[in-house]
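Read off the chains here:
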Amino acid sequence: MSALCGVQSLTASVRRDIFLKRERGGCRSFEKFGGEPISRRRRGSFLTIAGVSSELEDGQIEGIEGYGAISTKPATPLLDTVNYPVHLKNLSMEQLKQVAKELRADLIYNVSQTGGHLGSSLGVVELTVALNYVFDQPEDRIIWDVGHQAYPHKMLTGRRKQMNTMRRTRGLSPFTKRSESPFDCFGAGHSSTSISAGLGMAVARDMQGRSNHVIAVIGDGAITGGMAYEAMNNAGYLDTNMVIILNDNQQVSLPTQYNSLNQDPVGALSSTFARLQSSKPLRELRESAKAITKQMPVPVQEVTAKVDEYARGMISGSGSTLFEELGLYYIGTVDGHNLQDLVAILEEVKSTRSVGPVLIHTVTEKGRGYSYAEAAQDKYHGVSTFDVASGKQKKSSGGIPSYTQVFADALIGEASRDESVVAVHAAMGGGTGLNHFERFFADRTFDVGIAEQHAVTFAAGLAVEGLKPVCTIYSTFLQRGFDQVVHDVALQKLPVRFAMDRAGLVGEDGPTHAGAYDVAFMACLPDMVVMAPMNEAELCHMVATSIAIDDRPSCFRYPRGAGVGIDLEEEGVTMGNPGYRGKVIEVGKGQILQEGTDLCLLGYGTCTNRCLEAAKMLEELDISVTVADARFCKPLDTSLIRQLAKNHAAMITVEEGSIGGFASHVLQFLALDGLLDGNLKVRPLTLPDRPIEHGAFEMQLLEAGLSSSQIASSALSLLGHELESGTVLLK
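Rules and cut-offs
- Along each chain, the written sequence defines residue order, and numbers are assigned to residues from 1.
- Thresholds applied to this predicted model are a pLDDT of at least 70 for local features of residues and 80 or more for the giving and counting of side-chain atom pairs; totals over whole chains, interfaces and linings are not thresholded and use all residues.
- Derived side-chain values reflect all non-hydrogen atoms in the structure, with water molecules and hydrogen atoms excluded from consideration.
- For every residue, the accessible area (1.4 Å probe, protein chains only) is compared with the maximum for its type, and the residue is labelled buried under 20%, exposed over 50%, or partly exposed between those bounds.
- Each helix corresponds to a stretch of at least 4 residues labelled H or I by DSSP, and each strand to a stretch of at least 2 residues labelled E; elements are numbered beginning at the N terminus.
- Pairs of strands are assigned from DSSP output, requiring at least two bridges between the strands.
- Here the term right-handed applies to a crossover when the path leading from its first strand over the helix to its second strand runs clockwise, the strands being oriented away from the viewer.
- Only heavy atoms enter the contact rule, under which two residues are in contact if any of them lie within 4.5 Å.
- Helix axes use the C-alpha atoms of the stretch in contact, all axes being lines fitted to C-alpha atoms, and the angles between their N-to-C directions lie in the range 0 to 180 degrees.
- As used in this record, nonpolar core signifies buried Ala, Val, Leu, Ile, Met, Phe, Trp, Tyr and Cys residues forming a set joined through side-chain atoms within 4.5 Å.
- Throughout this description, the term salt bridge denotes a Lys or Arg side-chain nitrogen within 4 Å of a carboxyl oxygen of Asp or Glu.
- Read the arc as the range of directions from the helix axis to the C-beta atoms.
- Only centres within 6.5 Å qualify two rings of Phe, Tyr or Trp (six-membered ring in Trp) as a pair; their planes then separate them into stacked at under 30 degrees, edge-to-face at over 60, and tilted for everything else.

## Considerations on the pairing of strand β10 (residues 329-335)
Logical step 1: The buried fraction of β10 amounts to seven of the seven residues, a majority that puts the element mostly inside the structure.
Logical step 2: Summarising the sheet, β10 and strand β11 (residues 357-363) pair through six bridges and their orientation is parallel. Across the sheet, I331 pairs through a bridge with I360, a residue of β11.
Logical step 3: In terms of handedness, the path from β10 via helix α12 (residues 339-351) over to β11 forms a crossover that is right-handed.

Structure representation (structure tokens):
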């Protein structure tokens, strides 16, 4: 029975195919209705959607087809009938196109309310509809690489009504998550993993005698990661049936025929070729021919392989060669916004009885359908809440610069006085602040793509030749390059500097992006200098200190978000032109911020600010507190820690990192120095031994037990003040 039972059919004006053609120069943008180009800035006309009229007048949102300004939730009568993929199965092609249109409008509205990953999700609306129409989830496995583009997938798999909880405490995850839905067959957050996971699922399927399909969707950014090529190489060798969809939104250069941004990505000829490549008779004929030639002498096999290669080359794009050499059957390029072509090709691939992996190369536009996202794709990759009509994002007030901004300015200051300073990042120029650095030092900024392993060893090579590389990678992503940190940097004592952004809890991005482990895995390495600033002024000083360290590797961590608002100049930071210039601090030296007699709070990193807040709460209860800023995990300021241990009956270490980090090094020293042999009481406060789910940062701190009141409560409990320990938590 049709899923449209009770819903009136779409009008002829809506059923006409809409094809948006955009010239990258920003000169023109027009629609074709029935083959006649008309201006997209139409006024005073009507489009009727399943009986719901929407008048297009002045001030409307350019780029959302068929809708007026959607400051309120847009009308989505057809999409409202689709709760799960099965509800798409009986829809006509025109109805599927209408679902895609409504899905895009609803997505824009929802993300405007919650923030999140907008541009990449808008680019895969048609692809998501096609996949859910053709394949049978959750039996068929669809793996979305990274998960940035999975919002439409969530909306079509039973979670549309929960989209207003996206990234909020106990709400939907911003990435695919196995515990959230059976339709999320593999968790994501880091890139380049989908093909490996999909290949594992496909091999397991074959071993268990099942016949479901496995589809991995990977972007042109994620496919730059080496792991993706390792997986494709293995998939070609195993000759296992699976489908890889390359979602190419032209954000990363690929060896294809449409690299120029002034060229249309695909046309009628490539569409015809793609349909021919995917055709069932051709692919099954090739399989039969391959089976026959395997029984012939080797010279004959070689000749037939060459004939096949040349024949395929006649109908394949120039980008197919690499994939074919890896053993993948290449189909492309395909217009990723042509729903009819996508469905036709996917159905052919699904129904064909052949052996081996298939790669379908689709070309999409990031931000498709929302003009502001199309015009500024970098700014609309991840967005805060925004006004749909103007496209203006709502930034937090206050004007305090973020740690990322301060880091970038501090690095600019160092580079302006030392021409050997260079910066390396792994496709995260915006997130790390190095796009700002690049404006001043374009020839000293290196974006290596999503390739953290390469970034680390590349930086090691720069260091060998006397340059001063600063390898700027999110804490969570540096995990991917740990072997290179050990083998290529630490063992050779090369002076590579690691700037680890997003250290600690990261709020709405959740556990996949939290920087929980960097202190543990960096401080265990011989000769590594490991630092963490308590505020933005100390961050400037640590940037300067790392540049000055030229006989061993060093690293420093800093969190997401705004600094504490400290006066940089009062703290010894010089305002350069351009950038900031910190002062070099003595390696391995912490500092006492305030002195007391009853208890010591020893903070590492920005947690030290909460130690100061906790100390004020304790002082109101007549407890005298010393607060110390460790600054260094390695080398430890052993003289400072010895002094604190001897002068206080109790000590609490506080860090926003996992077990095995700063506290472990402190306890190791205390034990070996005999300072635990007496009456000293020590309690380490760390992140708990479990992931902290996404949500507001303040809520994450409470769950981790690291808020100011919880630090004070732990201190009171340690000192035997149990009643006050519970009371202080209410403040």
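Read on for the rest.
## Description of the side chain of T193
Logical step 1: When you line up the elements, T193 lands in the loop between α5 (151-159) and α6 (194-207).
Logical step 2: You can call T193 buried: its relative accessible area is 18%.
Logical step 3: Excluding residues within four positions of it along the chain, T193 makes contact with D145, F186 and M227.

## Thoughts on the sheet that holds strand β17 (residues 529-531)
Hydrogen bonds between backbone groups are what pair the strands of a sheet, and the pairing can be parallel or antiparallel.
Logical step 1: Ordered in space as β14-β13-β15-β16-β18-β17-β24, the seven strands form an open sheet in which the pairing is mixed. Among the strands making up the open sheet, the edge pair consists of β14 (445-447) and β24 (632-634). Between one strand and the next, the sheet's axes are offset by a mean angle of 20°, whatever the strand orientation.
Logical step 2: Relative to strand β18 (residues 554-557), β17 is paired through three bridges, and the arrangement is parallel. Each residue of the ladder has a partner; that of V529, found in β18, is S554.

## Examining the nonpolar core
Logical step 1: L131, I245, I360 and Y370 are the most contacted members of the largest nonpolar core, which totals 54 residues.
Logical step 2: Judged by nonpolar contacts, the second largest core, of 48 residues, contains L478, F521, C633 and L675.

## Quick look at the pattern of salt bridges
Logical step 1: Counted by the stated rule, this structure contains 26 salt bridges.
Logical step 2: Where R160 meets D80, a salt bridge forms, and the shortest distance between an N and an O atom there is 2.9 Å. Taken as a pair, R160 in the loop between α5 and α6 and D80 in the loop between β5 (52-56) and α2 (93-114) lie far apart in primary sequence, 80 residues in all.
Logical step 3: R160 gets classed as buried once you look at its relative accessible area, which sits at 16%.
Logical step 4: Assessed through its relative accessible area of 44%, D80 is described here as partly exposed.
Logical step 5: When the shortest N-O distance is used, the salt bridge between E452 and R480 registers 3.7 Å. In this pair, E452 sits in helix α17 (residues 452-464) while R480 sits in the loop between α18 (475-478) and α19 (482-490), placing the two residues 28 residues apart along the sequence.
Logical step 6: One connected set of salt bridges, linked through shared partners, spans K73, D80, D106 and R160.

## Some points on α19
Logical step 1: Within α19, burial applies to Q484, V485, D488, V489 and A490. Axial view of α19: buried residues confined to an arc of 155°, hence all on one face.
Logical step 2: Close packing links the buried residues of α19 with α17, α18, β16 (497-501) and α20 (518-523).

## With respect to the packing of aromatic side chains
Logical step 1: Here the structure, examined in full by the defined rule, presents 13 aromatic pairs.
Logical step 2: Where F407 meets Y558, the ring centres are 5.4 Å apart and the plane angle is 25°; that geometry is what we call stacked. Within this pair, whereas F407 is found in helix α14 (residues 403-417), its partner Y558 is found in the loop between β18 and β19 (574-575), the two being separated by 151 residues in sequence. Considered together, F407 and Y558 belong to a single accessibility category, that of buried residues.
Logical step 3: A centroid spacing of 5.2 Å and a plane angle of 40° characterise the contact between F437 and F441, whose relative ring orientation is tilted.

## Concerning unusual backbone geometry
Logical step 1: For the bond running from Q137 to P138, omega is 0°, close enough to zero to count as cis.
Logical step 2: Looking at where P138 falls in the secondary structure, it is placed in the loop between α4 (125-134) and β7 (141-144).
Logical step 3: Following K634, the chain continues to P635 via a peptide bond in cis, the omega torsion being -5°.
Logical step 4: Here D239, not a glycine, exhibits a phi torsion of approximately 55°, which is positive.
Logical step 5: Structurally, D239 can be placed in the loop between α7 (226-238) and β9 (242-248).
Logical step 6: Looking at D239, the relative accessible area reads 29%, which means it is partly exposed.
Logical step 7: Not every positive phi belongs to a glycine, and R631 is a case in point at roughly 65°.
Logical step 8: Structurally, R631 can be placed in the loop between β23 (625-629) and β24.

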